[in-house]
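A closer look at the structure
Residues per chain, in single letters:
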Amino acid sequence: MIALLATIGGATGWEDIETYGVSHQSWLSSFLQLPFGIPSADTYRRLFERISPKEFECSFNNWLNSLVLDLGAQVIPIDGKTLKGSYDRNQEQSALHMVSAWASKHRLFLGQVKVDDKSNEITAIPALLELLDISGCIITIDAMGTQYEIARRIHKKGADYILALKANHPTLFQDVVVGSVIFSNSELKAKRKSQCMNKPIHRKLRTLIHFWRSYLQVS
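Residues numbered from 1 in each chain as written. Predicted model: local features only at pLDDT ≥ 70, side-chain atom pairs only at ≥ 80, totals over all residues. Heavy atoms only, no water.

**Describing the pattern of salt bridges**
- What the rule picks out here adds up to five salt bridges.
- Two residues, Glu149 and Arg153, come together in a salt bridge whose shortest N-O distance is 3.0 Å. Remark: Arg153 and Glu149 occur in helix α7 (residues 148–156); sequence separation between them is four residues, near one turn of the helix. (Salt bridge = Lys/Arg side-chain N within 4 Å of Asp/Glu carboxyl O. Helix = DSSP H or I, 4+ residues; strand = E, 2+ residues; numbered from the N terminus.)

Shown next as C-alpha cells:
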C-alpha cells in the first residue's frame, strides 16, 4: 500500500518510497498497522523482486475487471501516451509508449499495455481490449484506432464504440459525409426514421454518423 501511494505521489525508486513512508508515517499509521515502523528501501526492493510480474499482472487485471462490472464504467476512453522521463540516453533506451484505458465517470485507470518499439498503437489496442471486460460499455478511441479489426473486437466483446474519423480513410470518410448529408435533409428525415425502425443501418455508419456528425462540419 505504501509503495502504491508513493508511486502515485511521484516516487521513482526504492529510496523515494521509503522517504514517502517516513514523511507520512503519522497519516499511514491511521489505517495501516506498522509495528516495526516504515520498511526500508531494501525491504521494498526484496519484496518486489519476489513478485512474479505475470502473476501480479493477472491479479491486477482481474481486480480491474471487477471494477468495470461493479461500477458500471460505461464510457472508457483508450489513448496512447509517452511516459515522461522514461527515455534513458546512457542505456540507449527509447521512451516508453503506453496505451491505457480509463473509466472517465469514476476517474479510474483500468489497464495499460506497452507499445513495442517496432510497432504502434494499432497493435497494442487489441491486446488491451483482451484484458478488459467491456460488455455494455462505450469505447472511445482517436483516429489512430479507427481500424476494422479494432472495431470488430469491440463489437465481439459486447461493447459499442466511438471512433474519430479523418480523411486518411477516404472511402469510409466519404460514406459518412454522404450519410450525414442525407440525414441532415429535413425532407428525408421522416422516411429515414421509418426505415431505420425496420432495417438496421450498417454499424460503422450508424455509430460514426450519430456521434461524429458535428465534427464533419457538413451543412
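**A look at the nonpolar core**
- Ile78, Ile134, Ile139, Ile141 and Ile154 are the most contacted members of the largest nonpolar core, which totals 23 residues.
- Residue assignment for this core shows that the elements contributing at least two residues are β1 (75–82), β2 (97–103), β3 (108–114), α6 (121–131), β4 (138–141), α7 and β5 (160–163).
- Counting residues per element, this core draws most heavily on α6, at four residues.
- Contact partners of Ile154, with chain neighbours within four places excluded, come to Leu129, Ile134, Ile139, Ile141, Ala159, Asp160 and Tyr161.
- By size, the runner-up hydrophobic cluster in this structure holds ten residues, among which are Ala3, Ala6, Ile17 and Tyr44. (Core = buried A, V, L, I, M, F, W, Y, C linked by side-chain atoms within 4.5 Å. Buried < 20%, exposed > 50% of the residue type's maximum accessible area, 1.4 Å probe, protein only. Contact = heavy atoms within 4.5 Å.)

**Here we look at the pairing of β5**
- Where β4 meets β5, four bridges bridge the pair, whose relative direction is parallel. Bridging from a neighbouring strand, Thr140 pairs with Ile162 of β5.
- Handedness of the crossover joining β4 and β5 through α7: right-handed. (Pairing = 2+ DSSP bridges. Right-handed = clockwise from strand over helix to strand, strands pointing away.)

**Digging into the side chain of Glu121**
- On the secondary structure map, Glu121 appears in helix α6.
- Each residue touching Glu121, except ones within four places of it in the same chain, is listed here: Gly80, His97, Val99, Val115, Asp142 and Met144.

**Section: the packing of α6 against α7**
- Look at α6 against α7: their axes get within 10 Å of each other, and the N-to-C directions meet at 5 degrees. If you check the angle between α6 and α7, you find them roughly parallel. For the pair α6 and α7, contact is made by Ile122, Ile125, Pro126, Leu129 and Glu130 and by Ile150, Arg153 and Ile154, respectively.
- The residue makeup of the contact of α6 with α7, split by class, is six nonpolar, no polar and two charged. (Axes fitted to C-alpha atoms, helices over the stretch in contact; angles between N-to-C directions. Parallel < 35°, antiparallel > 145°, perpendicular 65-115°, else oblique. Nonpolar A, V, L, I, M, F, W, Y, C, P; charged D, E, K, R; others polar.)

**Here's the deal with the packing of aromatic side chains**
- In the structure shown here, the tally under the stated rule is two aromatic pairs.
- Ring geometry for Trp27 versus Phe31: centroids 5.0 Å apart, planes at 70 degrees, classification edge-to-face.
- In this structure Trp27 comes out as partly exposed when scored by relative accessible area, which is 45%.
- Among the residues examined, Phe31 registers a relative accessible area of 41% and is labelled partly exposed. (Phe/Tyr/Trp six-rings, centres within 6.5 Å; stacked < 30°, edge-to-face > 60°.)

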